[in-house]
Amino acid sequence: MIDLCIKIVLSCNIPFTYRPFQQAHCPPKLVNPMNKDIQFEDMPFILNETYGEWFDKLPHLILFYCKFNKSSYEDALFQQYNIPHPDTLQNAVKKRKAEFLAGRYCANKVLEAHAIHNFIVNTGEHRSPQWPDDICGTISHSNDHAVAVDCKKTYYTGIGID
């Protein structure tokens with residue numbers, strides 16, 4: 001079983017744990033009409049994604065989660081997803097680049113919920129994401145999962161995610 005647990009700490013430092021789904025772990029199924037061997041590298045980078053508001057539990061928070069395939073990562077995906085490839089990742093290992101890309105992909109998706117398109121979530125001091133002035137947000141990634149959560153600063157002054 002996979003138990004994806006998202007722990008968010010709001011500006012008031014009250015932790016809130018959210019379990020968006022619990023599901024049996026099984027590899028994605030591909031239709032293979034020619035009965036050829038399918039390599040994991042041949043699968044898409046973004047395997048699945050989930051988007052949503054946190055309903056009545058934490059109003060105004062927008063969440064976007066994705067599962068990604070590190071094996072299919074290549075630098076050209078930055079251009080495909082319209083995300084700048086930062087110089088700081090030039091010498092990074094493939095795993096780090098894939099996690100960064102998936103995290104920024106999620107960040108772009110939560111910003112789109114606020115009708116903010118083509119905003120570049122740059123990396124600031126201490127590798128923290130730089131959000132638009134009226135948005136507070138957070139990004140987390142681990143192995144083959146990435147998630148971003150954001151909200152307008154009129155509702156919360158800061159959020160963090162583990």
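Residues numbered from 1 in each chain as written. Predicted model: local features only at pLDDT ≥ 70, side-chain atom pairs only at ≥ 80, totals over all residues. Heavy atoms only, no water.

A. Representation of the overall build of the chain in the model. Helix and strand content of the chain: two helices and eleven strands. When the helices and strands of the chain are read in sequence order from the N terminus, they spell out β-β-β-β-β-β-α-α-β-β-β-β-β. Looking at the chain as a whole, 40% of its 162 residues are labelled buried. Here the analysis covers contacts within the chain between residues at least 6 apart in sequence; of these, 48% occur between residues at least 24 apart. Approximately 9,800 Å² of the chain is accessible, and the part contributed by carbon and sulfur atoms is 49%. (Helix = DSSP H or I, 4+ residues; strand = E, 2+ residues; numbered from the N terminus. Buried < 20%, exposed > 50% of the residue type's maximum accessible area, 1.4 Å probe, protein only. Contact = heavy atoms within 4.5 Å. Areas by Shrake-Rupley, 256 points an atom, 1.4 Å probe, with all protein chains shown as cover.)

B. Highlighting the pairing of strand S9 (residues 135-142). Most of S9 is tucked away: six of the eight residues are buried. As defined by bridge partners, S9 adjoins strand S10 (residues 145-152) across eight bridges and the pair is classed as antiparallel. Counted as the bridge partner of Ile-135 is Lys-152 from S10. Hairpin connection, S9 to S10: the antiparallel pair is bridged by two residues, and Asn-143 has positive phi, about 55 degrees. (Pairing = 2+ DSSP bridges.)

C. A look at the pattern of salt bridges. Under the definition given, this model contains four salt bridges. Notably, a salt bridge pairs Lys-67 with Asp-144, separated by 2.6 Å at the nearest N-O pair. Linking Lys-67 in strand S6 (residues 62-68) with Asp-144 in the loop between S9 and S10, this pair joins segments that are 77 residues apart in sequence. Take Lys-67 and Asp-144: they sit in the same class, and that class is buried. (Salt bridge = Lys/Arg side-chain N within 4 Å of Asp/Glu carboxyl O.)

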